[in-house]
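Secondary and tertiary structure notes
Each chain is listed here by its residues.
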Amino acid sequence: MYHQNSHMGITTVDQSSSMRLDSVAVADNHIGISLNFHIPEFDTMDHRVMYHNVTVIGSSAASVCPSPSQLTPTDGGVGGGNPKVQASIECRAVGQFGGDVAKTVGGSCNSVLDPAVYRRAGVFAHEINALAKLCEGSPKLQVCRPPNKPVKECVMPWEHRIGTGGARYSEARWSKVTFAHWAQDDCNGLASVAFTINPTSIDNNYPNRFTDVVWANTAAADGRVGLGYTRGHPDNRVSDCAAGGDCDGLNQMFLVDTDGSFTATGAADSSVIPIVSPGIGESSCEGRPGHYACAGTGLRLLRWEAPGILNTQTGRVLGRFKMWRRSDRRAAWSRGSYGDGCLPDDAEQQRSFALKPLEAYNLTFFTSPPANHRLNFFSEDDSESVRLALFLAQPFRLEVSVDGTPVPDNYDVGGDAYAPRLPRLTDPHGVHAFDPHERRFYIILRGRTGALTGAGEVTLKLLPVVQLSLSVAVPAEEFDGPSLITNVATLLAIDPSRIKIVSVQTRDQVAASGGRRLQDSTSAVTFQILPDTTASPPSPPAPPAPPPGGGGGSGSDDDFDATQLAELQVVAATVAASIADNTFQAKVSEAVGGSVLEVDDVVASDVDASFPPLAPPPPPSLPPPSVPPSPDVGDSGSNGGGGGGGG
């Protein structure tokens, strides 16, 4: 029994291993359980916290709720204090060191909780940091006495976040748990809550799975879960989970109720989500104090990353990402990790999302995307899948790998120029397609054994291209693709292997996808010109990796190759010139055996240039660049699928 501690009943600081708490009880503590881990290796995914046969009690009969006359002014009262009453004053915590003696020696309330709001918290969701709080874990302090001395004054109190987020994945598993004596109005208007997040855990919080939970009748409905905006203590260095803030640690947090006992719904695979994040739930979710209970709505974590690129290395701000669910048009946002001002620590380029399996989602970037992407769908159930559609403001060709191995060519179901389609939720993991007209890249992510430790990791590499769309007076079934590739390659003096036909559509297919009306026996053709990989100079050596424990990642800025982009711009200019003097049209007509009726646009990645319908005489100069399509364009796509916008 861990009882009547004025700060925390059970805690760990800088723990690096998985941990199990078995057959323990905490009662009448300011904070019952708060576990903080130090795992700087961002690719860690096997970390687990196990809780079994745990009892979490708030204010039992052993606690006294004092009247103001029984409290000293330090504790918000007007009296001289009472030893018995003082023993029940929950908050005595060491704060940030400095001139305030009470903070330095723990003579006042300095926990991360707001003392004007909370009396007690039973459990904080466990937190993983990229930096060490104790000098024995810091690479810059080789010798220190004592070894458990905080490395700097600002790292306190003990449960406060330090550094950016750590491990890529972790989870807590609870079994045979009892909660008792929790209420919103616990004492003198102060609240107590059984389960909540650490107000400073702003980067991300990992899934918690509950089985065989008992709520005693002394655990009031309004004192069970606190997943709402929380400012925390005024001295906290971060307050991004407060109202008006932007905090993935709250916005994408979810609990999994495996057997319906935590939510008391009786429905297996239910979820508990923040009261401030209805977008990750469903209309059937029940609003409760501090949270939504979603019966039978299991959620899974998706992690997106730009491999090896720190926020400060790119010089770019990727900003917030939007995840939009097609079935009910609900949207959620992810801002990504923060750095740290106490001990400088660069954050990884990553975003986290709570997703419902067997749904299709649109993922929208509002800035130019990086060249490389990593996706982890943390589900080990192979019957669970999601379809992601990534909106790309410019045309790209994408290379897809699973666990480092390129997927087979037939996994590109949009790559068949004559019978393209969009991926379906029944397709295997990694099946994908790119719709060149809607500029959305679709991919299926499916659960598999080992996914919770990284199996099935998908990597995407974006290749810049020059994309052309045209209509020709030839039926689609008679279109001669190889001849077109040969003639265009000869005209541009490039290797034919760089030219890829993306789609060949009939008039009816174009009309079905919302495109313009074509004449009879006319085809719409889209093809791409890939970069010249032989034009790239040797890559410069990568910068040295940071020292162990030094923070949230390493690696060079693995972004688009400037030489390839420059060469593609030259190709785009050559194509534009050949269109202007009709050389391009002549070469294409010769190849396909029919006249070119219209060239819709010529677009190079990072450089857009549009051309009006062909009409003699050709324009003497290039028109100004076109405006890229809106990120909210629908994903019906020229290669199949239903209509609808969003995302």
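Our subject is the structure listed above.
This write-up is about the structure you can find in this document. These numbers were taken from a predicted model, which means no experiment stands behind them.

**Description of helix H7 (residues 562-580)**
- When the terminal C-alpha atoms of H7 are compared, their 27 Å separation across 19 residues agrees well with the 27 Å that a helix rising 1.5 Å per residue should span.
- For H7, the full list of buried residues reads Gln564, Leu565, Glu567, Leu568, Val571, Ala572, Val575, Ala576, Ser578 and Ile579.
- Once H7 ends, the next one or two residues include asparagine 582, with phi positive near 70°.

**A word on the packing of aromatic side chains**
- In the structure shown here, the tally under the stated rule is 13 aromatic pairs.
- Relative to phenylalanine 210, the ring of tryptophan 174 lies with its centre 5.2 Å away and its plane at 15°, an arrangement referred to as stacked. With a gap of 36 residues between them, tryptophan 174 in strand E8 (residues 170-180) and phenylalanine 210 in strand E10 (residues 208-215) connect regions that are remote in the sequence. By the burial criterion, tryptophan 174 is buried, and phenylalanine 210 matches it.
- Centre to centre, the rings of phenylalanine 321 and phenylalanine 365 are 4.8 Å apart; their planes meet at 90°, and the pair counts as edge-to-face. Of the two residues, phenylalanine 321 is situated in strand E17 (residues 321-325) and phenylalanine 365 in the loop between strand E20 (359-364) and strand E21 (372-378); the sequence distance between them amounts to 44 residues.
- Note on phenylalanine 321: relative accessible area 0%, which makes it buried.
- The rings of Tyr51, Trp174, Phe179, Phe195, Phe210, Trp215 and Phe262 are connected pair by pair, giving a single aromatic cluster.
- One cation-aromatic arrangement involves arginine 335 over tyrosine 338; the distance from NZ or CZ to the ring centre is 3.6 Å.

**Overview of the nonpolar core**
- The biggest cluster of nonpolar side chains holds 42 residues, and the ones touching the most others in it are Ile33, Tyr51, Trp174, Phe179 and Phe262.
- Elements with a minimum of two residues in this core: strand E3 (19-27), strand E4 (31-38), strand E5 (47-57), E8, strand E9 (191-196) and E10.
- Beyond its immediate stretch of four places on either side in the chain, tryptophan 174 contacts Tyr51, Val54, Val123, Phe195, Asn208, Arg209, Phe210 and Thr211.

**Focus on the pairing of E21**
- With 7 of its 7 residues buried, E21 lies for the most part within the structure.
- With burial as the criterion, each face of E21 is covered, one bearing Asn372, Arg374, Asn376 and Phe378 and the other bearing His373, Leu375 and Phe377.
- By the bridge criterion, 4 bridges tie E21 to strand E27 (residues 458-464) in an arrangement that is antiparallel. Each residue of the ladder has a partner; that of arginine 374, found in E27, is threonine 459.

**Overview of the pattern of salt bridges**
- The tally for this structure, following the rule as stated, stands at 22 salt bridges.
- The shortest N-O distance in the salt bridge between arginine 119 and aspartate 186 comes to 3.0 Å. Taken together, the residues span a long stretch of sequence, with arginine 119 in strand E6 (residues 118-124) and aspartate 186 in the loop between E8 and E9 at a distance of 67 residues. Residues arginine 119 and aspartate 186 agree in their burial class; the two are buried.
- Each of the salt bridges in this network shares a partner with another, and the network as a whole consists of Arg168, Glu305, Arg374 and Glu457.

Cut-offs and rules
Residues numbered from 1 in each chain as written. Predicted model: local features only at pLDDT ≥ 70, side-chain atom pairs only at ≥ 80, totals over all residues. Heavy atoms only, no water. Helix = DSSP H or I, 4+ residues; strand = E, 2+ residues; numbered from the N terminus. Expected span 1.5 Å × (residues − 1). Buried < 20%, exposed > 50% of the residue type's maximum accessible area, 1.4 Å probe, protein only. Phe/Tyr/Trp six-rings, centres within 6.5 Å; stacked < 30°, edge-to-face > 60°. Lys NZ or Arg CZ within 6 Å of the ring centre and 35° of its normal. Core = buried A, V, L, I, M, F, W, Y, C linked by side-chain atoms within 4.5 Å. Contact = heavy atoms within 4.5 Å. Pairing = 2+ DSSP bridges. Salt bridge = Lys/Arg side-chain N within 4 Å of Asp/Glu carboxyl O.

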